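Understanding the architecture of this molecule
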Amino acid sequence: CFDEENIVLLCIGIRRNEHSIGFNSWDKDQQWGVETKIPLDNLFNNIDATIKVIVQESNFAIQIDRQIVCLWPRRSPGAIRRVSFEWDAGLGDGSLCSPLNVAVSPTM
């Protein structure tokens, strides 16, 4: 997620070789902050895995398969202006390598 100044508000990195998911964002100087990692244990167990980012006033609530796995603080008050996805479908078998379907919904 990016704001109007192209500041990275949230980056989610699935790192299967480390068996973890990393969360990070830029600070006010456009440098990466301290990354938070959680293990992949009991996540992405379904073929149709879902990652949902719920935008709240002071943080992002990240859900994986309907389970909140991280509350990430919004380090910039800017509005979300762009969402970007990169996906490598050639890294093996399973739900993390299936075609990616993306839906972006406006905040209610």
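Below, the structure is looked at part by part. Everything numeric in this text was worked out from a predicted model, so none of it was measured.

As a further point, take the side chain of asparagine 24. Within the secondary structure, asparagine 24 sits in strand E3 (residues 20-24). A polar side-chain atom of asparagine 24 sits 3.1 Å from the main-chain carbonyl oxygen of glycine 33. Contact partners of asparagine 24, with chain neighbours within four places excluded, come to Leu10, Cys11, Trp32, Gly33, Val34, Glu35, Trp72 and Arg75.

A few words now on the sheet that holds E3. Across the sheet, three strands lie side by side as E2-E3-E4; this open sheet has antiparallel pairing. Bordering the open sheet on either side are strand E2 (11-15) and strand E4 (36-39), each of which pairs with just one other strand. Each strand of the sheet is rotated relative to its neighbour by a mean of 20 degrees, with strand direction disregarded. Relative to E3, E2 runs antiparallel, the two sharing five bridges. Paired with arginine 15 across the bridge in E3 is serine 20.

Before going further, it helps to examine the pattern of salt bridges. Enumeration according to the criterion identifies two salt bridges in this entry. For glutamate 35, the salt bridge identified is with arginine 15, shortest N-O distance 2.9 Å. One end of the pair, glutamate 35, is in the loop between E3 and E4; the other, arginine 15, is in strand E2, and 20 residues separate them in sequence. Judged by relative accessible area, glutamate 35 falls into the partly exposed class, the value being 30%.

Conventions used here
- Residues numbered from 1 in each chain as written.
- Predicted model: local features only at pLDDT ≥ 70, side-chain atom pairs only at ≥ 80, totals over all residues.
- Heavy atoms only, no water.
- Helix = DSSP H or I, 4+ residues; strand = E, 2+ residues; numbered from the N terminus.
- Polar contact = N/O pair within 3.5 Å; in protein donor to acceptor, adjacent residues only side chain to side chain.
- Contact = heavy atoms within 4.5 Å.
- Pairing = 2+ DSSP bridges.
- Axes fitted to C-alpha atoms, helices over the stretch in contact; angles between N-to-C directions.
- Salt bridge = Lys/Arg side-chain N within 4 Å of Asp/Glu carboxyl O.
- Buried < 20%, exposed > 50% of the residue type's maximum accessible area, 1.4 Å probe, protein only.

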